[in-house]
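What follows is the residue order along each chain.
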Amino acid sequence: MTTSMEYRTLGRTGLKVSALAFGCGDVGGLMVRGAPADRERAVAWALELGINYLDTAPSYGSGQSEKNLGRLSAADLADVAGALTRSVETSLTLLGIPRLDLFHLHNPIGRVRTDRRLGVADVLDAVAPAARKLREQGKIRFFGVTALGETGALHRVLASGAIDTAQVCLNLLTPSATHVVPAGYPAQDFDLLAMLAREQGVGTVGIRVLAGGALSGETARHPIAIPAVEPIASGPDYATDAARAHAFAPLVKEGHAGSVIEAALRFAISTDAMSTVLIGTSDLSQLEVAATAVAKGPLSATAIARLRGIWSELATTR
């Protein structure tokens with residue numbers, strides 16, 4: 001297989017990252033439950049394809065695949081600096097490296113703190129200063145957040161200038177980080193969050209670009225994939241997302257893409273407001289499919305226009 005990897009700038013960090021990033025988490029499961037030889041081949045193949053962004057965390061494999069570096073519990077908030085330092089040092093030890101290029105806080109963000117979310121003040125007044133200190137100590141290069149939670153709060157955090165990067169939810173079912181969605185659309189409206197990130201110089205990492213696998217249109221899971229996936233910012237459950245994925249079949253029938261999966265991957269890279277898109281895989285063939293799709297480049301303007309019609313239909317048939 002021969003592909004040509006595109007590289008994009010990760011916001012103000014200046015880092016050049018591959019348009020396709022390799023996830024090492026629990027959803028796909030290859031790097032958690034795959035055979036050791038398959039894991040080694042997957043990483044080697046990813047590097048050969050030109051992928052230079054690998055996403056990992058101490059918590060991967062715990063059964064809570066959505067966790068990422070630096071998730072803070074309520075108890076951690078009593079000592080934010082200490083909690084972040086411990087998380088970073090755990091990662092450095094596990095990875096056997098002296099410094100992390102990028103450290104992401106995973107907690108969802110809301111206007112105020114709840115038992116499930118950090119408040120804007122927590123992020124800007126406690127977490128960001130602690131991250132800056134870690135950077136001064138040479139333990140991390142850049143700091144980012146996973147941009148999930150309340151839309152208004154996420155906009156405030158990304159507009160603050162305190163954040164280098166953001167993991168942004170973007171897929172065919174949840175396109176609102178980069179596209180205006182019609183009234184009544186059945187998914188969270190992120191109100192063009194990725195466009196704001198671009199304006200602020202915040203590097204963006206697209207997550208859930210295949211909606212956890214639901215955009216395959218199938219509810220059956222790969223044997224080594226996580227058995228059940230909770231939707232993020234889309235439908236009420238995985239089965240609903242998988243059913244809605246069939247709405248995008250016209251993209252294939254009309255020749256815009258070879259499959260809905262291909263369309264989903266190409267949609268995610270169709271804007272320069274997205275620096276890289278992260279995928280998790282269950283086997284090597286899925287990595288090949290993703291790399292081949294991304295190598296075909298963004299969807300055409302005609303395909304994007306067709307998508308707007310499909311989103312309008314989803315808004316009226318929800």
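Residues numbered from 1 in each chain as written. Predicted model: local features only at pLDDT ≥ 70, side-chain atom pairs only at ≥ 80, totals over all residues. Heavy atoms only, no water.

**Thoughts on the pattern of salt bridges**
Right, so step 1: Throughout the structure, instances matching the rule amount to 12 salt bridges.
Right, so step 2: Residues Arg 12 and Asp 164 are paired through a salt bridge, measuring 3.7 Å at the closest nitrogen-oxygen approach. Placement of the pair is Arg 12 in the loop between β1 (7–9) and β2 (16–18) and Asp 164 in the loop between α5 (151–158) and β9 (165–169), with a sequence separation of 152 residues.
Right, so step 3: The closest approach of N and O atoms between Arg 198 and Asp 272, which form a salt bridge, is 2.4 Å. Taken together, the residues span a long stretch of sequence, with Arg 198 in helix α6 (residues 193–200) and Asp 272 in the loop between α9 (260–268) and β11 (276–280) at a distance of 74 residues.
Right, so step 4: For Arg 198, a relative accessible area of 42% translates into the label partly exposed. (Salt bridge = Lys/Arg side-chain N within 4 Å of Asp/Glu carboxyl O. Helix = DSSP H or I, 4+ residues; strand = E, 2+ residues; numbered from the N terminus. Buried < 20%, exposed > 50% of the residue type's maximum accessible area, 1.4 Å probe, protein only.)

**Looking at the packing of α9 against helix α10 (residues 284–295)**
Right, so step 1: Where α9 meets α10, the closest approach of the two axes is 9 Å, and the angle between their N-to-C directions is 55 degrees. Between α9 and α10, the interaxial angle falls into the category oblique. The two elements α9 and α10 cross, and the hand of that crossing is right-handed. On the side of α9, the interface is formed by Ile 261, Glu 262, Leu 265 and Arg 266, while α10 contributes Val 289, Ala 290, Ala 293 and Val 294. (Axes fitted to C-alpha atoms, helices over the stretch in contact; angles between N-to-C directions. Parallel < 35°, antiparallel > 145°, perpendicular 65-115°, else oblique. Left-handed = near helix turned anticlockwise from the far one by under 90°. Contact = heavy atoms within 4.5 Å.)

**What to know about the sheet that holds strand β3 (residues 20–23)**
Right, so step 1: Taken in spatial order, the 7 strands line up as β4-β3-β11-β10-β9-β8-β5 in an open sheet, and their pairing is parallel. Looking at strand neighbours, the two that pair on one side only are β4 (54–55) and β5 (100–105), the edges of this open sheet.
Right, so step 2: Here β5 pairs with strand β8 (residues 140–146) via 5 bridges, running parallel. The residue of β8 that forms the bridge with Leu 102 is Phe 142.
Right, so step 3: Most of the contacts of helix α3 (residues 80–95) go to β5, to which it runs at about 135 degrees, and overall it touches β5 and β8. (Pairing = 2+ DSSP bridges.)

**A short note on the confidence of the model for the chain**
Right, so step 1: In this model, the chain carries a mean pLDDT of 87, and residues with pLDDT of at least 70 account for 88%.
Right, so step 2: Confidence over residues 61–70 falls short of pLDDT 50; this stretch has 42 contacts with residues more than four positions distant or in other chains. (pLDDT = per-residue confidence, 0-100.)

**As for α6**
Helical geometry note: an α-helix holds 3.6 residues per turn, so side chains three or four residues apart project in the same direction.
Right, so step 1: When we look at burial in α6, the residues that qualify are Leu 193, Ala 194, Met 195, Leu 196 and Ala 197.
Right, so step 2: Buried residues along α6 sit in contact with α5, β9 and β10 (203–207).
Right, so step 3: Directly beyond the C-terminal end of α6, a positive phi value near 75 degrees is found at Gly 201.

**Here we look at the environment of Gly 23**
Right, so step 1: Within the fold, Gly 23 resides in strand β3.
Right, so step 2: When the C-alpha atoms of Gly 23 and Asp 55 are compared, they prove to be 4.9 Å apart, with 32 residues separating the residues in sequence.

**Section: a nonpolar patch on the surface**
Right, so step 1: A cluster of nonpolar residues, Leu 94, Leu 95 and Ile 97, forms a patch on the protein surface that exposes about 280 Å² of accessible area.
Right, so step 2: Position of Leu 95 among the secondary structure elements: in helix α3.
Right, so step 3: With relative accessibility at 44%, the residue Leu 95 sits in the partly exposed group. (Patch = residues over 30% accessible without salt bridge, like charges linked within 9 Å, V, L, I, M, F, W, Y side chains within 5 Å. Areas by Shrake-Rupley, 256 points an atom, 1.4 Å probe, with all protein chains shown as cover.)

**Description of helix α7 (residues 238–245)**
Right, so step 1: Where α7 is concerned, the buried positions are Tyr 238, Asp 241, Ala 242, Arg 244 and Ala 245. For α7, the angular spread of buried residues about the axis comes to 165 degrees, placing them on one side.
Right, so step 2: The elements touched by buried residues of α7 are α8 (249–253), α9 and α11 (301–317).
Right, so step 3: Between the side-chain oxygen at the start of α7 and the backbone nitrogen of Ala 239 there is a gap of 3.4 Å, and the oxygen is on Asp 237. (Arc of directions from axis to C-beta. Polar contact = N/O pair within 3.5 Å; in protein donor to acceptor, adjacent residues only side chain to side chain.)

**Observations concerning the environment of His 155**
Right, so step 1: Tracing the backbone shows His 155 in helix α5.
Right, so step 2: Sequence-wise, His 155 and Leu 196 are 41 residues apart; in three dimensions their C-alpha atoms are separated by 7.5 Å.
Right, so step 3: In contact with His 155, other than residues within four places in its own chain, are Phe 190, Asp 191, Leu 192, Leu 193 and Leu 196.

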